Amino acid sequence: MAKKTAKIVKPVKAAKPARKPVKKIVAAKAPKAAKKYVYAFANGRADGDRTMKDVLGGKGSGLAEMTNAGLPVPPGFTISTAACNLWYAEGRKLPQAIEDEMMAHVRRLEQVAGAQFGSTANPLLVSVRSGAKFSMPGMMDTILNLGLNDEAVEGLKARTKNGRFAYDSYRRFIQMFGNVVLEIPKEKFEHEFEAVKRAHAAKVDTDLSEQGMQETVARYKKLVQRETGKPFPQDPVQQLRMSRDAVFRSWNNQRAIAYRRIYEIPDDIGTAVNVQQMVFGNTGDRSATGVGFTRNPATGAKEFFGEFLVNAQGEDVVAGIRTPRPISELAEVMPNSYKELRQFTSRLEKHYKDIQDFEFTIENDKLFMLQTRSGKRTGYAAVVIATDFVAEKLAKPAEALLMVEPAALSQLLAPMFDPAEWKKVPVATKGLPASPGAASGQVVFTSEQAVAWTEQGKKVLLVRKETAPDDIHGMEVAQGILTATGGMTSHAAVVGRQMGRPSIVGAGALHIDEKGKAFSVGGQTVKEGDWVSFDGLTGEVKIGKVATKPSEILQVLNGQMKAADSDIYRRFSALLGWADKVRRLGIRANADQPDQSELAYAFGARGIGLCRTEHMFFGEGRIEKVQRMILADNEQDRRAALAELLPLQRADFYGVLKAMHGEPVTIRTIDPPLHEFLPKREELMVEIAKLEVSGGNAAELAAKRTLLKRVEQLHEFNPMLGHRGVRLGITYPEITEMQARAIFEAACQLAKEGIKSAPEVMIPLVGLVKELRDQKAIVDRVAAEVMKEQKVRIKYLVGTMIEVPRGALTADEIAQEAQFFSFGTNDLTQMTFGFSRDDIGKFLGSYQDRKILDRDPFQSIDTVGVGQLVAMAVEKGRKTRPDIKLGICGEHGGDPSSVHFFHKVGLNYVSASPYRVPVARLAAAHAALSVKVGD
Ligand code: PEP
Ligand code: MG
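Everything numeric here is computed off the predicted structure, so don't read it as measured data. (Residues numbered from 1 in each chain as written. Chains lettered and ligands numbered in written order. Predicted model: local features only at pLDDT ≥ 70, side-chain atom pairs only at ≥ 80, totals over all residues. Heavy atoms only, no water.)

1. Considerations on the overall build of the protein chain
Across its full length, the protein chain holds 35 helices and 32 strands. Computed over C-alpha atoms, the radius of gyration of the protein chain comes to 32 Å, within 12% of the 30 Å expected from 2.2 N^0.38 for 935 residues, which places it in the range of a compact globule. Judged by the C-alpha coordinates and their principal axes, the protein chain covers about 100 × 65 × 55 Å. Scored against the burial criterion, the 935 residues of the protein chain give a buried share of 58%. When contacts within the protein chain are restricted to residue pairs at least 6 apart in sequence, long-range pairs at least 24 apart make up 69% of them. Carbon and sulfur atoms form 51% of the exposed surface of the protein chain, whose accessible area is close to 38,100 Å². (Helix = DSSP H or I, 4+ residues; strand = E, 2+ residues; numbered from the N terminus. Rg over C-alpha atoms; globule rule 2.2 N^0.38 Å. Buried < 20%, exposed > 50% of the residue type's maximum accessible area, 1.4 Å probe, protein only. Contact = heavy atoms within 4.5 Å. Areas by Shrake-Rupley, 256 points an atom, 1.4 Å probe, with all protein chains shown as cover.)

Here is the structure:
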């Protein structure tokens, strides 16, 4: 069927990952001291704080805040995001003044640290790490152990009395610097390292002696000379400048750009660079490094959660090379540090009023905090944590609301396996349950394949040894992600969770042959295209396809489960109850059928904002009647066909009005062009040709020929701007008459049964007040007739959609007739931009690549252009008719950042598809709260 009429309610899809409405920030500015670009943090005092994420990035502001709070943070400084933007603006270099400012901070850091760059006595070593306002895990670059050179390495050896450690650090540094800054492929370093290991008969890195590490360093330096034509830079300041610039450059690497696209992070906010004195988790058995969360980010359970590795550097944990140990074991290995870590992180959680994701290093039994930030979590965990925070009196309900991203609520509505079906299939293996949800799909082994097959309409499951940031595209389209290695904080786990994509990591029993496109487990082989299912909440993986069933929340709403038996339902419902107290916007649903309307009501919609009556025409046994109406070449025949449709429409309206329990129901008269109800021209021609060849039934052939003639008459070049909407009602007033009659007869019948209803009749695509006047006269006349016949009085409204730019521009005139406006932002966007809503996909990607458009304006309202028309029509409409009801029923009604905008321009309600009603309720509360705090 034609695209336009096919927009019925879609089954719920795993939501896009949680995110706050992103506001655009043009170059970040330091407050007051506009010239400041570098911010120190050291010894309990920092130049910045938690409010300065725009300037310092998330990591920088967290380091500043922890320093101010007296936590043990190695000293350092943050080069601001503004410097990054300036670096790009100035042709990839920084003005001398900023270079000087940075050097002053280097000197200050040397003093604070009591160590000097390049010193043989006590060399200063630093890490150089990226950190944008929004966390982009693993997308940008990091350099550790910076400051080492041929002399400093001896200094490090003398200071630590550990030559192997010193040369291992130098080796790691040359490798990281060589790869990230000098862009020498990793494999070339691996190749040299393997050669040394072979020569020393060493199986793993730790088998290599100091001598072996020294040889590796020598080979690495030669490799750098060979590849770049220059020796490895020995000057630490030069190393620092080059690394800083590489981090700036990584803001625009392919994967960072792709990540920003998916999460709608603006391209022009830049990254900060954090330069911080190194502490070492790899000096021996009294050292360790780890990452963790103050609560379980997958389930929300109140348990200290994380992983660590003894004698390792930070990257080893996240990279999934060595399998880390659960953090609870730290209590046995290093009890004092563990106790301190628990204290610090609970303090941070209370302070930030949110679950924290932290990084730490223990150097010779001394604990250092390296990062804290709000922990990314699944939608499920977000609801559990927010409601727990209120129960634990750590947050007030209004604060708890802000802990849940509206879009994340859709994850709670995603299907789960039917337990009976799930039990039938044996468990093939178990991995770590990184992100909950039921996933069933055909196995693919590369992200490219995942994308290609998804485009063909297949459901895929991405299976990888481990995922890398480059896999982001594949992860986005897959039903689920399954990896053989990595822990709960590996890339696949972090990103899968954030996307709300079911994920299992570290399923070690899988033997994956990525080249051969197969994996084996427990004697079974699974090839590309075979079905696999897994449960991201338990970690169980099964071979085969397993049917899914509705989420617990839906089961409660459908009456299949008691609310008392569902913990998550009760939390979901409590949270939305708080949202309802806070929000100002009303919430309605776009629904065309009684069952959809009942579901929407159960989700909390209080009214229907758009009932597309034409969708009812596609029901069983109806399309033939509609076609008869269209094929009629005189009014009388048309009326006869319409009379057959009347009882069907009346029954639909009866159901929808009843499902809303007296709340308003906006019913729109027919909108799409009539040819959309007829078979396609090409298909008909083929059928006729076949009948002609086979000498088939003459009556059938004649009927098809008549149909083809009418199809050709109705064919339109641009149906979106053609004979549709109010234009149909004007040319065929009897259609409006029939629909109005069906509406009022249904309402009268309900009234006789003692059931209240509040119909609002809406005329689509109005651009001229006279169009509306014409149609309103019909509706009012029919309403009066029906009420007289039935001897019942019904309160109703007649209004219009504002979806044609001329309608918005002349809203003051139109409001003379309209008792309400509902903004049809789908068509309004289409006509304001002149972008066809069905064809934008062909060029949107190029527009985004060239930064002409940030986001798809059909998903998220274009506040500047289309939004201006909305704001203007609101003002003009209210001027003419102060009590005019104003709503929006385009797809934007379920998009959180658009909801924010509609709140600001003062609409009365938003209308969203039933599954997005919870999202809209929470988004409306967020809008009300952030407006209150001066957003
Ligand atoms: C609109 O245009 O925004 C609208 C809601 O109507 P439709 O999508 O049916 O054209
Ligand atoms: Mg429309």
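2. Some words on the confidence of the model for the protein chain
Any region with low pLDDT has predicted coordinates that should not be read closely. Looking at the protein chain, pLDDT values average 89 and 94% of them are 70 or higher. Every residue in residues 1-33 scores below 50 in pLDDT, and together they form 85 contacts with partners more than four places removed in sequence or on other chains. (pLDDT = per-residue confidence, 0-100.)

3. Here we look at the sheet that holds strand 5 (residues 142-146)
The six strands lie next to each other as 2-1-3-6-4-5, forming an open sheet whose pairing is antiparallel. Only two strands of the sheet have a single neighbouring strand rather than two, namely strand 2 (45-46) and strand 5. In this structure, strand 3 (residues 76-79) lies alongside strand 6 (residues 271-277), joined through four bridges in antiparallel fashion. Along strand 6, the bridge assignment pairs threonine 78 with asparagine 274. Strand contacts of helix 8 (residues 236-250): strand 3, strand 4 (126-132), strand 5 and strand 6, with the helix running at about 145 degrees to strand 6, the strand carrying the most contacts. (Pairing = 2+ DSSP bridges. Axes fitted to C-alpha atoms, helices over the stretch in contact; angles between N-to-C directions.)

4. Points about the site of ligand 1
Taken together, 16 residues form the shell around ligand 1, and within it Arg612, Glu803, Gly824, Asn826 and Arg837 come nearest. Arginine 612 has a polar side-chain atom sitting 2.8 Å from an oxygen atom of ligand 1. Here an oxygen atom of ligand 1 sits 3.0 Å away from a polar atom, N or O, in the main chain of threonine 825. Taken by itself ligand 1 offers 280 Å² of open surface, and the protein chains cover 100% of this. Among the elements that make up the shell around ligand 1, the one with the highest residue count is helix 31 (residues 825-833) (three residues). Tallied by class, the residues present in the shell around ligand 1 amount to three nonpolar, four polar and nine charged. (Near = heavy atom within 4 Å. Polar contact = N/O pair within 3.5 Å; in protein donor to acceptor, adjacent residues only side chain to side chain. Nonpolar A, V, L, I, M, F, W, Y, C, P; charged D, E, K, R; others polar.)

5. So, the coordination of the magnesium ion (ligand 2)
Distances from the magnesium ion (ligand 2) to its protein donors, namely Glu803 (OE) and Asp827 (OD), fall within the range 2.0 to 2.1 Å. Of this pair, glutamate 803 sits in the loop between strand 29 (797-802) and helix 29 (805-809) while aspartate 827 sits in helix 31, placing them 24 residues apart in sequence. Neither residue differs from the other here; glutamate 803 and aspartate 827 are each classed as buried. (Donors = N, O, S within 2.8 Å, 3.2 Å for Na, K, Ca; no water.)

6. Quick look at the pattern of salt bridges
Tallied over the full model, the rule gives 60 salt bridges. For glutamate 712, the salt bridge identified is with arginine 681, shortest N-O distance 3.3 Å. Pair noted here: glutamate 712 is in helix 25 (residues 698-714) and arginine 681 is in helix 24 (residues 681-694), with a separation of 31 residues, a long-range link. Taking the shortest distance from any N to any O, the salt bridge between glutamate 737 and arginine 781 comes out at 3.1 Å. Residue glutamate 737 is located in helix 27 (residues 733-752), and its partner arginine 781 is located in helix 28 (residues 769-790); the two are separated by 44 residues in the primary sequence. Accessibility expressed as a relative area gives 18% for glutamate 737, which makes it buried. The structure contains a network of salt bridges with shared partners spanning Glu635, Arg639, Arg650, Glu737, Arg741, Glu745, Arg781, Glu785 and Glu789. (Salt bridge = Lys/Arg side-chain N within 4 Å of Asp/Glu carboxyl O.)

7. What to know about the packing of helix 6 (residues 186-199) against helix 7 (residues 210-228)
The N-to-C vectors of helix 6 and helix 7 enclose an angle of 145 degrees; their axes lie 9 Å apart at closest approach. Where helix 6 crosses over helix 7, the handedness of that crossing is right-handed. On helix 7, the residues that touch Lys188, Phe189, Glu192, Phe193, Ala195 and Val196 of helix 6 are Gly212, Met213, Glu215, Thr216, Arg219, Tyr220, Leu223, Val224, Arg226 and Glu227. By residue class, the composition of the contact of helix 6 with helix 7 is eight nonpolar, two polar and six charged. (Left-handed = near helix turned anticlockwise from the far one by under 90°.)

8. A word on the pairing of strand 8 (residues 305-310)
In terms of burial, strand 8 is largely enclosed, as six of its six residues are buried. Taking every second residue as pointing to the same face, both faces of strand 8 are buried, with Phe305, Glu307 and Leu309 on one and Gly306, Phe308 and Val310 on the other. Sheet topology places strand 7 (residues 288-293) next to strand 8; six bridges connect them, and they run antiparallel. In the strand pairing of strand 8, threonine 289 is matched with leucine 309. Sheet topology note: the strand 8/strand 9 (residues 325-326) ladder contains two bridges and is antiparallel. From the neighbouring strand, phenylalanine 308 faces strand 9, where its bridge partner is arginine 325.

9. Remarks on the nonpolar core
The biggest cluster of nonpolar side chains holds 130 residues, and the ones touching the most others in it are Leu409, Leu575, Phe821, Phe823 and Leu907. Residue contributions to this core peak at ten residues, all from helix 27. Filtering out sequence-adjacent residues up to four positions away, leucine 409 remains in contact with Val383, Val404, Phe572, Leu575, Leu576, Pro918, Val919 and Leu922. The next biggest cluster of nonpolar side chains, apart from the first, holds 58 residues, and it includes Leu124, Tyr167, Val196 and Val217. (Core = buried A, V, L, I, M, F, W, Y, C linked by side-chain atoms within 4.5 Å.)

10. Regarding the sheet that holds strand 20 (residues 518-521)
One open sheet holds the three strands; their spatial order is 19-20-21, and the pairing between them is antiparallel. Each end of this open sheet is capped by a strand with a single partner; those strands are strand 19 (511-513) and strand 21 (524-527). Taking each pair of neighbouring strands and ignoring which way they run, the sheet shows an average axis angle of 20 degrees. Alignment of strand 19 against strand 20, held across three bridges, turns out to be antiparallel. Paired with aspartate 513 across the two strands is alanine 518, which belongs to strand 20.

11. Overview of the side chain of arginine 571
Within the secondary structure, arginine 571 is located in helix 20 (residues 567-582). Classification of arginine 571 by relative accessible area gives buried; the value is 17%. In terms of polar contacts, arginine 571 uses its side chain to reach the side chain of aspartate 567, at 3.0 Å. Apart from the residues lying within four places of it in its own chain, the contact partners of arginine 571 are Val383, Val384, Thr387 and Asp388.

12. Regarding unusual backbone geometry
Across the chain, the bulk of peptide bonds are trans and the bulk of non-glycine residues have phi less than zero. Even without a glycine there, the phi angle at lysine 353 is positive, about 50 degrees. Here lysine 353 is to be found in the loop between helix 12 (335-352) and strand 10 (356-363). Residue lysine 353 is classed as partly exposed on the basis of its relative accessible area, which comes to 32%. A positive phi angle, near 55 degrees, is found at lysine 791, a position not held by glycine.

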